[in-house]
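Close look at the chain arrangement
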Amino acid sequence: MKRIGNPWVLAGMLAGIVLLPKGVDSQTPRTAALAAFDTIQTVLQHPRCQNCHIPGNAPLQLDAGLVHTQNVQRGPAGKGAPGLPCSTCHGVTNPPASYGPNTPPGAPNWSLPSPEHKMVFIGLSKADLCATIKDPKRNGNRNLAALLEHVSHDKLVLWGWDPGVGRAPVSVPHDAFVASFKTWMAGGAPCPAGGEAKSARLR
Amino acid sequence: MKLSVNGKEHDVSVSDDMPLLWVLRDVLGLTGTKFGCGMAQCGACTVLVDGQPVRSCVRPAAAVEGRAVTTIEGLSLQGDHPVQRAWAEVDVVQCGYCQSGQILAAAALLQAKPKPSDADVDAALSGNLCRCGTYQRIRSAVHRAAELMEG
Amino acid sequence: MTPPQDSQPELSRRSFLKRSAVVGGSLVVGFFVPAPLRRFAFAQEPPGAAAAPALPPVNAFLRIGGDESVTVLLAHSEMGQGIWTTLPMMVNEELDADWSRFRVEHAPAATVYHSPVFPIQMTGGSTSTWSELDRYRQVGAVARTLLVAAAAAQWGVAPADCRTEKGWVLHGDRKASYGSLAAAAAQLPAPDHVELKAPENWQVIGKPTRRLDTPEKITGRAQFGLDVQLPGMLTAVVAHARTFGAKVRSFDPAAAQAVPGVRKVFAVPTGVAVVADHFWAAKKGRDALQVEWDPGPHAGLDTAILRESYRAQAKSAGAKAAAGGDVEKALSGAVPLVAEYSVPYLAHAPMEPLNCTVRRGAEGVELWTGTQFQTVDQQRVAAIFGLKPEQVEIHTTFLGGGFGRRANLVSDFVVEAAHVAKNLDQPVKLVWTRDDDIRGGYYRPMAVHRLEGALDAQGAPVAWRQRIVSQSIVAGSPFAAMIKDGIDPTAVEGASDSQYVTAIPHHRVELHTVDPGIPVLWWRSVGSSHTAFAVESFVDELAHAAKRDPLEFRRALLAKAPRMRAVLELAAEKAGWGSAPPAGRGRGLAVHESFGSIVAHVAEVSVDGGHVRVHRVVCAIDCGVCVNPLGVRAQMESGVVYGLSAALYGELTMKEGRVVESNFHDYRILRLHEMPQVEVHIVSSREKSGGAGEPGTPPIAPAVANAVFALTGQRLRELPLRLA
């Protein structure tokens, strides 16, 4: 994984400051923001999120992060391979409870990030993760406000807290996650110093 | 609920959670769509919904109301869809149980990608299990079907 | 083999009448061959050796319609192996009818359809094609003789002056179609002798022929058991225990009965049945049902512990299955090579979940099911209803895979369906879910093999001791008479009769039969599914210990087994054995004889991220006379895939008596992207025809394991193969 140089982090920070939503306390200490990023990392690198935020083209599944069976591929638009779109198995909602465990969960727009904006979360260090989500080239051209909107309301993101029968939800409550995101932004969306990758599982 | 299957409208009265598979098989009598696992692991229940492949065992029938469902019975009138012709030519089938799903998955692939590579075939059809092991012939038949479609 | 109580059910008149229906707008006229049946000379068998079997009653096997249709009735079940095509090919080799007019049906259950090699109507042991090579040709020959006689009589000419061509009898410029002659032919006496064509004159047998069941299988029209629909039919699912041998203590049907569509909830010997208008309601009813179980005597089962007990037992002497020389002495005079191999329980997991439909009527009971064991099912269901076997009519549907699971010694799912039906007035279809199938028992038994071998100073093997610990498949069943001197042959076949083993001067194969209470059954290739892995892996280990090329070592050992050696050499040659494999890949080989055929595989593998990937398999088979090369190729591809699923993934584990796995997410089978390129080479042979359905499976696991060793130096002695 290529490490991202400081200029990008700086640019991202500036963008964050400029684009802070109204009503957020711009005096929130940077230390609080950095602490909030720990929570953000916990969420983004939870299996419910990172299993599809991958560097390669084969998504993962289950808490163990095993390669998705069926040879599932990201595909040209992140929606699966031609002939095997994600929607073949994944509906726009989780299946009814009567379908039992291990049935494919669902949410609107079930997909991976596109190949152009892979937004890799898995295996990244705190610093790299932070740089990644702030980089418009990798995050789908989102500024921080758009990111906040995304993590607050996107139905596929929200699925992480309602993942269906037999699947652990993201370990941090969603409102706590959003609050942390706001704290982080309010503190200038700072990125922690570089560190080792959290996990070596990069498939 | 109202279902459109193979161009025919049906009005069925079933529970909201009843999977499309069981409505097709047990209510409409369309048994070409098969039950293999009940959890989208095997692909035997594959149908097309608005031309896209769907595992009907994990999709409530209610979710496809107002959309066009195509089953193996409706893929072609005479069993002569290019995929079916290729399947016959290459002598793909063995027990035959998984083949409805395989054929619909192949038809969906060729719709999305008329000249698939081997990797495309592997990516599109690895969700369909075959216990008899017809995979090698499926690969050949998909390429043959692509040729037949080209004409 | 002893048949289950032989009560000789006869084909009921009713079912014959039903079958003489109007087809394609014209009346089908069946042949009728008057009794008593005459003696018949077999073309391929030396006369006089045994009492010549009677000529087959043609009308039970063949109908020629006024509409020119030719309908062949199968005495065996089509489960993917292709007999829907090969048996009609045999008929047409002699009949000379128009192939495009052929239709095929499963025969009803009746004595006349008993296997030529087993005293029951059944499908298994890779016998359907080779065992019918005479009978189905005779059927065609008798029919042709009668058609020619009918035409000759019409024209007032000698039959010998007539000839046939593609459904026509010809004489000079006169010709008459088979269909037009059928009614007259049916009135003629059966010939007392027909001469079958000499193999060198065969036109059909040996010719690659596409399947006759394709049109219905690519359009969804093919009827499998699960597709049966009858007026007023209900659907049942049964809540099964989680441990083997458990019994229902009590149950509360209220929650199940509250599910809309559920009609009835009641106990059956195997659990609690929930009967509903359709599957979905029945399944939801079962999910809601509260059952208290008496877990029974096997609630402590744990496969990890069981395997260790097998390993311990393999260190002591067992019952003798094969012996030659003095293995004790030969082993004590050397530093023996010792290795232990183990294989797990496996489910057959056919794609079509098990099911059976039952309708009770005034005259008896009708069954619709995909079965490999009509006679057994018929007798067991008759006993449940207090009927005679012939009052149980079986409609055999297509089988969505069998692999042995549908040849159940106790007819488990069929009997369960009968018990459900006994509680109902309406017809009922019993459906097993995939969970029921994976957790329902009747597995390939777990086995441990302990091998000890010694080489002489020249590196040739001189001693081989193999101790097998496993369960008996046939013990306690009507087939228990197969057990001789404490040896169930299904536990040792492929080892005790291996031409490798018997070629070694001092050899001994022993068996410990254990009974942990887990129901077991024949799983595609039966004993060879594990003996081939142990034998061919250990031969490979000996070759490496002797510092010899694995092919050369085997060739020397097979000096007195020329067919086996030739098959091995063919596969090796076609695979480029001796040349370097592509970068990053290793090659391994194995050869094994089973079911009358010999198959060798050369596997080419790589290792990626701890996983074994099989890229290419070069297969050679000598099955003697090959009826349909296209079908044999398909069966080799099929056997490889089935064996690879087991070699790479297949394993059932039990903890606290419960089977852990439940569906294809945790009982994985090979998927298309994991499919190697398989090349099949068929030895041209006039030897006695052998099987094809099973023999492709046994040698693939050892070929892959041997290839992994060649590539990595890791000797994997357990299935499924797991790299360290």
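Residues numbered from 1 in each chain as written. Chains lettered and ligands numbered in written order. Predicted model: local features only at pLDDT ≥ 70, side-chain atom pairs only at ≥ 80, totals over all residues. Heavy atoms only, no water.

Describing the domain arrangement of chain C
Residue and element names in this part refer to chain C. What the domain assignment lists for chain C is domain 1 (13-217), domain 2 (225-296 + 354-431) and domain 3 (303-345 + 443-712). Computed over C-alpha atoms only, the centres of domain 1 and domain 3 are separated by 39 Å. The interface of domain 1 with domain 3 comprises 23 residues on the first partner and 18 residues on the second. For the domain 1 and domain 3 pair, buried surface summed over both sides reaches about 1400 Å², with 64% attributable to carbon and sulfur atoms. Here domain 1 is connected to domain 3 by six residue pairs in polar contact (both at pLDDT 80 or more). If you list the elements that add at least two residues to the side of domain 1 that touches domain 3, you get α3 (83-95) and α4 (128-131). Considering every element that reaches the side of domain 1 that touches domain 3, the biggest residue donor is α3, with four residues. Broken down by class, the residue content of the side of domain 1 that touches domain 3 amounts to ten nonpolar, ten polar and three charged. (Domains from an automatic or database assignment. Contact = heavy atoms within 4.5 Å. Buried area = accessible area lost by both parts, 1.4 Å probe. Polar contact = N/O pair within 3.5 Å; in protein donor to acceptor, adjacent residues only side chain to side chain. Helix = DSSP H or I, 4+ residues; strand = E, 2+ residues; numbered from the N terminus. Nonpolar A, V, L, I, M, F, W, Y, C, P; charged D, E, K, R; others polar.)

What about the interface of chain B and chain C?
Residue-level contacts link 48 residues of chain B with 58 residues of chain C. Between chain B and chain C lies a buried interface of about 4600 Å² when both sides are counted; carbon and sulfur atoms form 57% of it. There are four salt bridges connecting chain B and chain C. The shortest N-O distance in the salt bridge between D227 of chain C and K34 of chain B comes to 2.4 Å. Scanning the region where chain B abuts chain C turns up 32 residue pairs in polar contact (both at pLDDT 80 or more). Elements with a contribution of two residues or more to the side of chain B that touches chain C: α1 (20-27), α2 (82-90), α3 (99-112), α4 (118-125) and α5 (135-150) of chain B. At five residues, the largest contribution of residues to the side of chain B that touches chain C is made by α5 of chain B. Residues that form the side of chain B that touches chain C fall into these classes: 20 nonpolar, 17 polar and eleven charged. (Salt bridge = Lys/Arg side-chain N within 4 Å of Asp/Glu carboxyl O.)

Comments concerning the interface of chain C and chain A
You'll often see interface size given as the accessible area lost when the parts meet. Facing the ten residues of chain C at the interface are seven residues of chain A. Of all residues in chain C, the largest losses of buried area upon contact with chain A belong to W280, R671 and H673 of chain C, amounting jointly to 53% of the total for that side. For the pair chain C and chain A, the number of links is zero salt bridges. There are two residue pairs in polar contact (both at pLDDT 80 or more) connecting chain C and chain A. Across the side of chain C that touches chain A, the residue classes tally to one nonpolar, four polar and five charged.

Notes on the sheet that holds strand β6 (residues 163-165) of chain C
All names here are of chain C. Taken together, the three strands give an open sheet; going across it, the order is β6-β7-β8, and neighbouring strands pair in antiparallel fashion. Two strands close off the open sheet at either side, each with one partner strand: β6 and β8 (174-177). Put simply, the sheet's adjacent strands are angled 30 degrees from each other on average, direction ignored. Bridge count between β6 and strand β7 (residues 168-171): three bridges; the pairing is antiparallel. (Pairing = 2+ DSSP bridges. Axes fitted to C-alpha atoms, helices over the stretch in contact; angles between N-to-C directions.)

Details of the domain arrangement of chain B
Residue and element names in this part refer to chain B. Taken domain by domain, chain B consists of domain 1 (2-74) and domain 2 (82-150). The centre of domain 1, based on its C-alpha atoms, is set 21 Å off from the matching centre of domain 2. Facing 16 residues of domain 1, the contacting portion of domain 2 comprises eleven residues. Summed over both partners, the interface of domain 1 with domain 2 buries about 1100 Å², with 60% contributed by carbon and sulfur atoms. In this assembly, domain 1 and domain 2 are joined by zero salt bridges. At the surface where domain 1 touches domain 2, the tally comes to four residue pairs in polar contact (both at pLDDT 80 or more). Mapped by element, the contributors of at least two residues to the side of domain 1 that touches domain 2 are β3 (46-49) and β4 (52-55). With three residues, the single largest contributor to the side of domain 1 that touches domain 2 is β3. Residue composition of the side of domain 1 that touches domain 2, grouped by class: seven nonpolar, seven polar and two charged.

What about the state of the cysteines?
As enumerated under the stated definition, the model contains one disulfide over all chains in all. Here C130 of chain A engages in a disulfide with C191 of chain A; their sulfurs sit 1.8 Å apart. Looking down the S-S bond of the C130 of chain A and C191 of chain A bridge, the torsion is -85 degrees, so its handedness is left-handed. Remark: C191 of chain A occurs in the segment after α7 (174-186) and C130 of chain A occurs in helix α4 (residues 126-134); sequence separation between them is 61 residues. Classification of C130 of chain A by relative accessible area gives buried; the value is 0%. With no disulfide of its own, C49 of chain A lies closest to C52 of chain A among cysteine sulfurs, the gap being 9.5 Å. With relative accessibility at 13%, the residue C49 of chain A sits in the buried group. Summary of cysteine pairing: C37 of chain B is not part of a disulfide, and the nearest cysteine sulfur, belonging to C42 of chain B, is at 3.8 Å. (Disulfide = S-S within 2.5 Å. Buried < 20%, exposed > 50% of the residue type's maximum accessible area, 1.4 Å probe, protein only.)

Brief notes about the environment of S100 of chain C
Here S100 of chain C shows up in the loop between α3 and β5 (102-106). Sequence separation of S100 of chain C and L234 of chain C is 134 residues, and the distance between their C-alpha atoms is 38 Å.

Considerations on the side chain of R167 of chain A
Residue and element names in this part refer to chain A. Mapped onto the fold, R167 is located in the loop between α6 (155-158) and α7. No salt bridge is formed by the buried R167; the nearest opposite charge belongs to D63, separated by 7.3 Å. A distance of 2.8 Å separates a polar atom in the side chain of R167 from the backbone oxygen of T103. A distance of 2.6 Å separates a polar side-chain atom of R167 from the backbone oxygen of P163. Discounting chain neighbours no more than four positions away, the residues touching R167 are R48, N102, T103, P105 and W159. (Lys, Arg positive; Asp, Glu negative; His and termini not counted.)

Focus on the packing of aromatic side chains
For the coordinates displayed, the defined rule picks out 24 aromatic pairs over all chains. Ring centres 6.2 Å apart and planes at 80 degrees place the aromatic pair F177 of chain A and F181 of chain A in the edge-to-face group. Taken together, the residues span about one helical turn, with F177 of chain A and F181 of chain A both in helix α7 at a distance of four residues. Each of the two residues, F177 of chain A as well as F181 of chain A, counts as buried. Between F244 of chain C and Y443 of chain C the ring centres are 6.1 Å apart and the planes differ by 80 degrees, which places this aromatic pair in the edge-to-face class. Here the residue F244 of chain C occupies a position in the loop between β9 (234-240) and β10 (247-252), and Y443 of chain C occupies one in the loop between α14 (434-439) and β20 (447-455), the gap between them amounting to 199 residues. As far as the burial class goes, F244 of chain C and Y443 of chain C line up, both buried. Three or more aromatic residues joined by ring pairs form one cluster here, namely F37, W161, F177, F181 and W184 of chain A. Over the ring of F398 of chain C we find K217 of chain C, and its NZ or CZ is 4.5 Å from the ring centre. The ring of Y642 of chain C is capped by R524 of chain C, whose NZ or CZ atom sits 5.3 Å from the centre of that ring. (Phe/Tyr/Trp six-rings, centres within 6.5 Å; stacked < 30°, edge-to-face > 60°. Lys NZ or Arg CZ within 6 Å of the ring centre and 35° of its normal.)

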